[in-house]
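Survey of secondary and tertiary structure
Chain by chain, the residues run as shown.
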Amino acid sequence: MEFLVNQTFNGVTYGALLFLLAGGLSLIFGMMRIVNMTHGSYYLLGGYVALTVMWGGGHYLLAVVVAALVIALVGIVEWNAFLKRLSGQELGQVLTTMGFALIFQDLAQVIWGGDPYTIPVPAMLSGSVSTGPFTFPVYRIFIVAVAAFIAVLLWLVLERTRIGAMMRATVDDPEMARGVGINVFLISMAVFSLGASLAALAGVVAGGFVGVYPGADFEILPYAFVVVIVGGMGSIKGALIGSLMVGLLDNFGKALFPELSYFTLFAPMAAILAVRPTGLFGRA
Amino acid sequence: MSTRRIAAFLIAAALIGMGGIAPAEAQKGPIKIGFLAPMTGGAAQIGKDMVNGLQMWLDENGNQIAGRKVEVIVEDTQGQPNIALTKLRKLVESDKVHVLAGGLFAHVGYALAPKVDEYKIPMLYPVMAADDLTQRKPAKWVVRNGWTSSQPSHPFGEYVVKTLGYKRVVTIGIDYAFGWEVVGGFQKTFEEAGGQVIQKLWAPLGTTDFAPYLSQIRKDADAVFALMVAASSLRFPKQYQDAGLKAKLPLIGGGTTFDEFVLPSLGDEAIGGITPLIYSAAIDTPANKRFVKEYRAKFGKVPSYYSEVCYTTGRWINEAAKAIGGDVEDRERFLAALGKVEIPDAPRGPVKLDAHGNPIQNIYIRKVEKKDGELWNTVIHTYPAVSQFWKYKPDEFLKQPVYDRNYPPCKYC
Amino acid sequence: MTPGAESMIGAVPLPTGTMAFALLLPGLALAALLVAPPFLSGFLLTLLTQALIYAILAMSLDIVLGYTGLASLGHAAYLGLGAYAVAILTTRHGAGFWVTLVAGILLAAAVAAVFGLVALRASGVYFLMITLALGMVAWGLAHRWVTLTQGDNGISSVPRPTGLPVSLAAAVPYYYFALIAFALAFWFLRTVVRSPFGRTLVGIRESESRMRTLGYNVWLHKYVGFVIAGGVGGFAGVFWGYYNGFVSPADLELATSVEILLMVALGGRGTLVGPAIGAGIIVLLKNLVSVYTQRWLLILGAVYIGTIVYAPEGIVGAVRQWHASTRRKRT
């Protein structure tokens, strides 16, 4: 029983972490269908920018906001200058975003050096709460809260607001959307920059758990893609459920079959995709 | 479009031409050291620390070795064996270096060793610690002036039982060769001294979330031995503490779990961690205090063992070159001299090589403590003159297989 | 008739203008590849040898990516399989070249046959992800199956090929050895691509549904293409293992798979020659540019972006377009 509770908690919190890592990508890749290899860079740069703000004396919340805004700007520039011309060209997107990812990786090395850092976390988010035989780290609960917040926010905006409807229209059929009078250019740019800023947000929040260091950008990239794909493209709900599934599978897998730890993430993913090739809730 | 294309072609041709022209034969000119390290990618900072260590020694000594000027050519291995091999070829054939040094990852070490033997050029391995490089798979031309992975673990096993009094330990390590060797060395001496490893956990490389392992840790242990490196060292102590384990189970482990590379970024969760290593920035000798002070002034951070071993490598090459009158072109003599170097006062203490080509040096038992708002690895005990074989006879030791995931087997699991 | 063709009728064909450039460039390159090596430095020779081996690998991916339209992110696995086959058979069983060659190709093709069954249930980005996952599984196996692969320490001291009339220990002989391998692979793949089977693949890339209506077994064609690509990847792996004398899980990691994809995209997918050139460029960048600057990653990134901005169909694609457009301008 204790085992079940602990592992479920761990699986859910790890799933929340994965969703956080993938949140921005589920917008840019899941919805806009742009294969964005720069996602990891947005994540890492978000962490670095937040660190710079905090080293300068800024508060944690200020760091989050600044990071999100700065990276949103970076995303706007990248999209505007390069990506908006590449809709539908997957390989072109892979090359361009990969090029940016490499450039950002190198720039980050030049600007912040290569030492590993942790994001200083506000005192109230550290430590753990104990009930009975269980100890739950507060920060993990915080991550779940942030992931849930993002999920709800995205769902509300996309499904329940006019701007969300415009976003969905733009992404599904730009021609029609333009025909109905939607400023496709502005909306697309907005979606992309929102995705970038979500990635940056994840970089700060997850950075407190995972750390901020060179290489983190490419380390989290496969996980983010796994979540979006397993959950299915174009579905925020799918991304959420996908990340929970992956988190639980990976966690229980490592706990029950430690010998197979190297396979508990990607083997189930291959299996899920083999059974449901468009992901759990994907729209082809 | 076409002129641009032609220009590009010409530039490419020029670049190829530059790489293709082999420089003239070097006579009694400068001593050339080819230094291999990952200068880009995830381990770039470690590579930089390594280069900084060597460079600092050279700067302190007028950039001279045995009266000759020194030229260091640093090549980026990018942490990949095939790139390292290519750069090695360049350094030896095009740059005509006299000696090579460096390398970080074990697989790069294993990839380079046969080539170094083939070229018959000495290469110093100050960092790469894979046990078998000086045990079951030695290479004649490799001078391993650093350490073996299990070297610090051997005395630590005894220390944990006899001094710390922990008899039942759970080990958790990163699931790769370095992890296996550090944990294996610990388990061997720990159990021979009367301890029991009651659980062995392995987390794959790149694990971000240790929760599935932390929640499995048996609570009836006395302590937890953790072997973490780089990014995992960054994450693990906090997760360990937040899982409520730090309060119940003292954290001990391999030296890299709390080494000076990650210590500045760790917080109070690291305090109290006890680990063994060949170095600590807190070693209280004049040589080390000076080294730490100078390094810090120059590079803005406390040196880690990566910097120390490369700093001492500069001195090592110097001692060997001096012993043969600066005639590093005579590679056989130079190799022999490199094998005979003895340094009594390196920042990490006295160092000299054993008959199998690995250092006999001090092993420091360190404890993470906070001093003036900073975390330091305070030395709480020193084991002098420890070899890679600890107290075992080399032939006996070499009969056992190299430490891996399942060796020593977990009898008490 | 086009101007160039006219001059071909007659005793001495002397191509002029753009045609001259189009023929001269690859001709020069070929001549250089054949004749220059004994005069090059060891370093440059090693770059060329590696470029040739990676070119084989990139061309094999082109079958799947360029000709069938399936982007695979797990292709490094086949390089690794071929290399491991060599390493294990030579260091543990003293096998000769022919044995390891056959073993490497068969092993890679067999694994591709298994992976293909799983992966080909998906398409598009989903195919990308499944192949990524399968590639990671292969990498994980290389790490964990320590008794076979020695884990991350890798297998070292792999000797140069035995059982051949020539010794391939030196750099120049091995270069020509790799050149022959490249020529064979190129010839084989070109034959595949120009065959009816290859044409069907292109048809599938353009429109699967159309091919299906026409009565082709689309799945079978994709599957065979996938297995061929895997086998040729293993073929490259054999030469890679012998060349480095060392194999480790690093040879199959995700970053390598991404790099192969980029080589194809950079050079121009669906052109076979393009990926070979792309492989050469990336090998040069990683090994040569990094000698002169630590900012080689920045340059590599700029090359990727520059290619898409100036040459979205890759370098060869751009050359062909430019060649076609200048020809159009003249007629």
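No experiment lies behind these values; they were computed from the predicted model shown. (Residues numbered from 1 in each chain as written. Chains lettered and ligands numbered in written order. Predicted model: local features only at pLDDT ≥ 70, side-chain atom pairs only at ≥ 80, totals over all residues. Heavy atoms only, no water.)

1. Description of the interface of chain C and chain B
- Counting from both sides, the interface comprises 39 residues of chain C and, opposite them, 41 residues of chain B.
- Buried area between chain C and chain B, both sides added, is near 3600 Å², and the carbon and sulfur share of it is 60%.
- A per-residue breakdown of the area chain C buries against chain B is headed by Phe43(C), Asp152(C) and Asn153(C), which together make up 15% of the total.
- Arg144(C) is paired through a salt bridge with Asp175(B); the nearest N and O atoms lie 3.9 Å apart.
- Counting across the chain C and chain B interface gives nine residue pairs in polar contact (both at pLDDT 80 or more).
- Breaking the side of chain C that touches chain B down by element, the ones donating at least two residues are α2 (17-35), α3 (42-67), α6 (124-144), α11 (218-244), α13 (273-292), α14 (296-310) and α15 (314-330) of chain C.
- When residues of the side of chain C that touches chain B are assigned to their parent elements, the largest contribution, seven residues, is made by α13(C).
- Residues belonging to the side of chain C that touches chain B are distributed by class as follows: 20 nonpolar, 14 polar and five charged. (Contact = heavy atoms within 4.5 Å. Buried area = accessible area lost by both parts, 1.4 Å probe. Salt bridge = Lys/Arg side-chain N within 4 Å of Asp/Glu carboxyl O. Polar contact = N/O pair within 3.5 Å; in protein donor to acceptor, adjacent residues only side chain to side chain. Helix = DSSP H or I, 4+ residues; strand = E, 2+ residues; numbered from the N terminus. Nonpolar A, V, L, I, M, F, W, Y, C, P; charged D, E, K, R; others polar.)

2. Here we look at the interface of chain C and chain A
- At the junction of the two partners, chain C supplies 36 residues and chain A supplies 42 residues.
- Carbon and sulfur atoms supply 80% of the area buried between chain C and chain A, which totals about 3400 Å² over both sides.
- Applying the counting criterion to the chain C and chain A interface returns two salt bridges.
- For Arg295(C), the salt bridge is made with Asp106(A), and the minimal N-O distance between the two is 2.7 Å.

3. A word on a nonpolar patch on the surface
Residue and element names in this part refer to chain A.
- Residues Met 1, Phe 3, Leu 4, Leu 256, Phe 257 and Leu 260 make up a contiguous nonpolar surface patch of roughly 650 Å² in combined accessible area.
- As for its position among the elements, Phe 3 is in helix α1 (residues 2-31).
- Taking relative accessible area as the criterion, Phe 3 reaches 37% and is therefore assigned partly exposed. (Patch = residues over 30% accessible without salt bridge, like charges linked within 9 Å, V, L, I, M, F, W, Y side chains within 5 Å. Areas by Shrake-Rupley, 256 points an atom, 1.4 Å probe, with all protein chains shown as cover. Buried < 20%, exposed > 50% of the residue type's maximum accessible area, 1.4 Å probe, protein only.)

4. A short note on the domain arrangement of chain B
Residue and element names in this part refer to chain B.
- Split into domains, chain B comes out as domain 1 (29-148 + 286-361) and domain 2 (153-283 + 362-397).
- In this assembly, 35 residues from domain 1 lie in contact with 27 residues from domain 2.
- In this assembly, domain 1 and domain 2 are joined by one salt bridge.
- Across the pair Glu 374 and Arg 296 runs a salt bridge, and its minimum N-O distance is 2.4 Å.
- With five residues, helix α10 (residues 286-299) is the largest single contributor of residues to the side of domain 1 that touches domain 2. (Domains from an automatic or database assignment.)

5. Things to note about the confidence of the model for chain C
- Overall, the prediction assigns chain C a mean pLDDT of 88, with 92% of residues at 70 or greater.
- Ignoring residues within four places in sequence, the model shows residues 1-11 of chain C, a span with pLDDT below 50, making eight contacts including any to other chains. (pLDDT = per-residue confidence, 0-100.)

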